[in-house]
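Next come the chains, spelled out residue by residue.
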Amino acid sequence: ACLWFFVGARYKYWNESHPITWLRVDELFTNKTFERDDYFGLQADALTIDQYIVSLYWVSATLTANGLVGDVIPQNYAEVLFTIVMMALNMTLIRWIVGEVSTLVMGADKKLIEARKELEAVDQFVTGSNLPEKLQKEIKVHFRANNVHGTTSVD
């Protein structure tokens, strides 16, 4: 968000022939861009914190969606390039992180399924044997307690 705000605020100094950014526009060029007075944080008298909130919104929306969201759109080459980098980040880094988290969750599910199978095997063994009922309960309790803590496994 800081970089997007920086590009919007400083681009007019980098390219004086094209003073239009998502954040600011010279009065001579207001007819060549979207109407800023209609949007929160983009009015000429908006506070810097309001503009930064819009910047943070734009970056969050661009990283969590595929492409541009809303009416804040890039207005020059630097902003377009920044947007492309943000979308590439979304397609690679952010998606990779989500994939890794999903893998961890699925791995935990596999362990849970295996633990349940092991407990079911113990239940079947104990129920099918001629052990006293009290011993059967003790064995089941033992395996359930140890399986919850991951300290034992049935082979």
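The following paragraphs examine the structure supplied in this document. Everything numeric here is computed off the predicted structure, so don't read it as measured data.

For the rest of this paragraph, the subject is the nonpolar core. For soluble globular proteins, the rule of thumb is that nonpolar side chains tend to be buried together. Judged by nonpolar contacts, W4, F5, A9, W22, L23, V54, W58, V59, V72, F82 and M86 together constitute the single largest core of 11 residues. Listing elements by their share of this core, those giving two or more residues are α1 (2–14), α2 (48–64) and α3 (77–128). Setting aside residues no more than four positions away along its own chain, W4 makes contact with W22, S55, W58, V59, V72, P74, E79, F82 and T83.

One way to put it is that α2 packs onto α3 with a least axis distance of 8 Å and a crossing angle of 45°. Overall, the two elements α2 and α3 adopt an arrangement that is oblique. Relative to α3, the crossing made by α2 is right-handed. Contacts between α2 and α3 involve W58, V59, T62 and L63 from the former and F82, T83, M86, M87, L89, N90 and I94 from the latter. Considered class by class, the residues forming the contact of α2 with α3 number 8 nonpolar, 3 polar and no charged.

A few words on α2. Taking 1.5 Å of rise per residue, 17 residues should cover 24 Å, and α2 covers 24 Å from first to last C-alpha, within 8% of that figure. Among the residues of α2, D50, Q51, V54, S55, W58, V59, A61 and T62 are the ones counted as buried. Of the surrounding elements, those touching the buried residues of α2 are α1 and α3.

What counts as what
Residues numbered from 1 in each chain as written. Predicted model: local features only at pLDDT ≥ 70, side-chain atom pairs only at ≥ 80, totals over all residues. Heavy atoms only, no water. Core = buried A, V, L, I, M, F, W, Y, C linked by side-chain atoms within 4.5 Å. Buried < 20%, exposed > 50% of the residue type's maximum accessible area, 1.4 Å probe, protein only. Helix = DSSP H or I, 4+ residues; strand = E, 2+ residues; numbered from the N terminus. Contact = heavy atoms within 4.5 Å. Axes fitted to C-alpha atoms, helices over the stretch in contact; angles between N-to-C directions. Parallel < 35°, antiparallel > 145°, perpendicular 65-115°, else oblique. Left-handed = near helix turned anticlockwise from the far one by under 90°. Nonpolar A, V, L, I, M, F, W, Y, C, P; charged D, E, K, R; others polar. Expected span 1.5 Å × (residues − 1).

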